[in-house]
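Structure assessment
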Amino acid sequence: MTSEPKPADLERGESLPSVEPPTAGFILQLFLIPLLIVSIVIALWLLFSWLAHAGQNDPEIVLRDLRRMGSNSFQRAHELASILQEQSEQGEKLRKDPAFAKQVGDVLMQDIEAFPGEITPSRGKLRLFLCGALAEFEIPEAADPLVKTLRHTGSETEATTATAKVNATEPTAEVESQANNVQVRMAAAESLAKLAARQGSEQIRAVPEVIPALIEFSRRDSRTDEADAASAAEVLQRDSRMKSGYRPYAELRSVCAYALGVIGGTEALDRLQQMAENDPYPSARYNAATGLARYGDERVTETLLDMLDPENKAPAENEWHRTEKEQAVVNVLKAGLQATLRLVQTNPQADVSKLRPAVERLANEDLSKIHFQDEAGKDEISFSSASQRLIRLSAAETLRLMDEVIANRKQAAPTAP
């Protein structure tokens, strides 16, 4: 048995075995061959992944799949919207292509014509995503299929016939279809507003039937509202804890008011003035007022005063939980401040003698003293410290900017001789 060298042996000149550098063959076996194997595996995985997803981002292949109306069509519609949203050369080119916009619109109309009445949730999603895809275009040709979707989705008698068949515990297919159709109409109206914001209101306003269609669906009578509350709302608010007064057709009016406010024009503003004064649904009134303020229309003053009133309980009518009621009131106060500032900025000559004191109140008053009580005298809404701070700061900033506009107006006014 060989013993380890002792220190004395090392002193006599005996050393450890020499260390030799690794050979090329050793390095090849230890590193290069495993690396080659791993690289081949990764390359194969990438190849199969590419083959599996080949054509996923090809807009023509996506359209071809959509025309087949398969069970996963709504997923392909979502992919199409994503392609149009891409900040790439392909996305930019497609957004400006009238022929491609027509093809997308044709797919949407093909589905509506094939299923004119009741639609399933998947069909509803398909149409929602197609409306969203059309909203991405930068050309007015995308507006026409949205107008047709707004007009031809569902049937005129759907709301009342569905009401007669409502079962509170198990909504019928017809009732669920009504809810889906209302959502599609909302998507079409909102997409028209997005087109106008992206391309300019004048271009979309010039498309035939845009304003008439939006005005038509901004007029839903009380009979339809009652059918609303008993049917489609049952589907969209199935959770027993969500005892909301949300009414889909009334909400459709609200979305149409928003779209009319973005698109503008004399006919649209006249309709908004009627809605701001008379519509029974608070959200519709306030969207109408915001639209009027966007164009500097002083007819909005009285409705803005309601929006700026911290004791106005109307915004909370469609909410159930206390925190949601508070948030609804806060949201309307913020929207009222923004609309008031927009009115002054758009129309520096506007008379704000009534509006300014309302804004000052929000900036200075102790909102903690304001309480909304139910019929039993129990506090239903109160402003939290965070909400109070937010409102005060927003009101103070609005006052500052309003005063800047007024000061600039006075400086620009010609001096009397």
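Preceding this section is the structure that the text describes.
Every chain's residues receive numbers from 1 upward, in the order its sequence appears when written. Local features in this predicted model are restricted to residues of pLDDT 70 or higher, and side-chain atom pairs are both shown and tallied only at a pLDDT of 80 or more, whereas totals for entire chains, interfaces and linings draw on every residue. Processing note: side-chain calculations cover all non-hydrogen atoms of the structure and skip hydrogens and water entirely.

**Here we look at the overall build of the chain**
To keep it simple, the criterion reads: Secondary structure is summarised from DSSP: a helix means a run of H or I of at least four residues, a strand means a run of E of at least two, and numbering begins at the N terminus for each. Partly exposed describes any residue whose relative accessible area lies between the buried limit of under 20% and the exposed limit of over 50%, with all areas from a 1.4 Å probe on protein chains only and scaled to the type maximum. By the convention used here, residues are in contact when the closest approach between their heavy atoms is within 4.5 Å. For every accessible area listed, the method is Shrake-Rupley and the probe measures 1.4 Å; residues are considered covered only by the protein chains on display.
Along its length, the chain carries 21 helices and two strands. Of all 417 residues assigned to the chain, the portion counted as buried reaches 43%. For the chain, contacts bridging at least 24 residues in sequence account for 73% of all contacts bridging at least 6. In the form shown here, the chain has an accessible surface area of approximately 22300 Å², with 54% of it arising from carbon and sulfur atoms.

**Examining the side chain of R127**
Its place among the elements puts R127 in helix α7 (residues 121-134). By relative accessible area, R127 is classed as buried at 0%.

**With respect to the environment of R205**
Residue position: R205 is located in helix α11 (residues 201-205). In this structure R205 comes out as partly exposed when scored by relative accessible area, which is 30%. Beyond its immediate chain neighbours, meaning those up to four positions away, R205 contacts I211, I263, G264, G265 and Y295.

**Observations concerning the pattern of salt bridges**
Basically, it comes down to this: Throughout this description, the term salt bridge denotes a Lys or Arg side-chain nitrogen within 4 Å of a carboxyl oxygen of Asp or Glu.
This model, assessed by the stated rule, comprises 23 salt bridges. A salt bridge links E209 to R151, with the nearest nitrogen and oxygen atoms 2.8 Å apart. Taken as a pair, E209 in the loop between α11 and α12 (210-217) and R151 in helix α8 (residues 143-152) lie far apart in primary sequence, 58 residues in all. Its salt-bridge partner being E365, residue R361 comes within 2.4 Å of it at the nearest N-O pair. A relative accessible area of 27% means that R361 is categorised as partly exposed. Residue classification places E365 among the partly exposed residues on the basis of a relative accessible area of 27%. Sharing partners across several salt bridges, the network here consists of R64, D65, R76 and E79.

**Considering helix α16 (residues 266-278)**
Our working definition: Expected span of a helix: the number of residues minus one, times 1.5 Å.
Taking 1.5 Å of rise per residue, the 13 residues of α16 would be expected to cover 18 Å, and the 18 Å separating its terminal C-alpha atoms lies within 8% of that figure. Restricting attention to buried positions, one finds in α16 the residues A268, L269, R271, L272, Q273, M275 and A276. Residues of α16 that are buried sit in contact with α12, α15 (248-263), α17 (282-294) and α18 (301-307).

**Concerning the packing of helix α20 (residues 355-364) against helix α21 (residues 385-412)**
Filter applied, for reference: The axes are straight lines fitted to the C-alpha atoms, using for helices just the contacting stretch, and the angles between their N-to-C directions are given from 0 to 180°. The handedness criterion is simple: a crossing whose near helix is rotated anticlockwise from the far helix by less than a right angle is left-handed, and one whose near helix is rotated clockwise is right-handed. In this count, Pro and Cys sit with the nonpolar residues alongside Ala, Val, Leu, Ile, Met, Phe, Trp and Tyr, while Asp, Glu, Lys and Arg are called charged and the others, Gly among them, polar.
Put simply, α20 and α21 touch, their axes get as near as 7 Å, and they point 140° apart. Crossing angle aside, the handedness with which α20 passes α21 is left-handed. Judged by residue contacts, R356, V359, E360, L362 and A363 of α20 engage I391, R392, A395, A396, T398, L399, M402 and D403 from α21. For the contact of α20 with α21, a count of residues per class yields eight nonpolar, one polar and four charged.

**Focus: α17**
Here α17 spans 18 Å end to end across 13 residues, near enough to the 18 Å set by a 1.5 Å rise per residue. Along α17, the residues that are buried comprise P282, A284, R285, Y286, A288, A289, G291, L292 and A293. Check the buried side of α17 and you find it contacts α15, α16, α18 and α19 (322-346). Phi turns positive one or two residues past the end of α17, at G296, with a value near 70°.

**What to know about a nonpolar patch on the surface**
Definition in use: By definition, no residue in a patch forms a salt bridge, and every one has over 30% relative accessible area; like charges are joined within 9 Å, nonpolar side chains (Val, Leu, Ile, Met, Phe, Trp, Tyr) within 5 Å.
Together, I33, I37 and V41 make up an exposed nonpolar region whose accessible area comes to about 260 Å². Inspection of the secondary structure assignment puts I37 in helix α2 (residues 24-53). On the basis of relative accessible area, I37 is assigned to the partly exposed category, the value being 49%.

**Structural notes on the packing of aromatic side chains**
The way to describe two aromatic rings as a pair is by their centre distance and the angle between their planes. For clarity, the cut-off: Only rings of Phe, Tyr and Trp enter the pairing, Trp through its six-membered ring, and a pair is recorded when the two centres are within 6.5 Å. The plane angle decides the type: under 30 degrees is stacked, over 60 is edge-to-face, the rest tilted. Consider the ring centre and the ring normal. A charge sits over the ring if Lys NZ or Arg CZ is within 6 Å of that centre and within 35 degrees of that normal.
With the rule as written, the count across this model stands at one aromatic pair. Measuring from ring centre to ring centre gives 6.2 Å for F100 and F137, while their planes differ by 45°; the resulting arrangement is tilted. A residue pair is termed long-range when its members are at least 10 positions apart, and F100 in helix α6 (residues 98-114) and F137 in the loop between α7 and α8 qualify at 37 residues. Just as F100 is buried, F137 falls in that class too. The cationic tip of K125 hangs over the ring face of F74; the distance from NZ or CZ to the ring centre is 5.2 Å.

**Considering the packing of α16 against α17**
Filter applied, for reference: These descriptions rest on fixed angle ranges, namely under 35 degrees for roughly parallel, over 145 for roughly antiparallel, 65 to 115 for roughly perpendicular, and the rest for oblique.
One can describe the packing of α16 onto α17 by two numbers: an axis separation of 8 Å at closest approach and a directional angle of 140°. Of the possible angle classes, the one that applies to α16 and α17 is oblique. In this structure, α16 crosses over α17, and the sense of that crossing is left-handed. Listed contacts from α17 to L269, L272, Q273, M275 and A276 of α16 are A284, R285, A288, A289, G291 and L292. Here the contact of α16 with α17 is composed, by residue class, of eight nonpolar, two polar and one charged.

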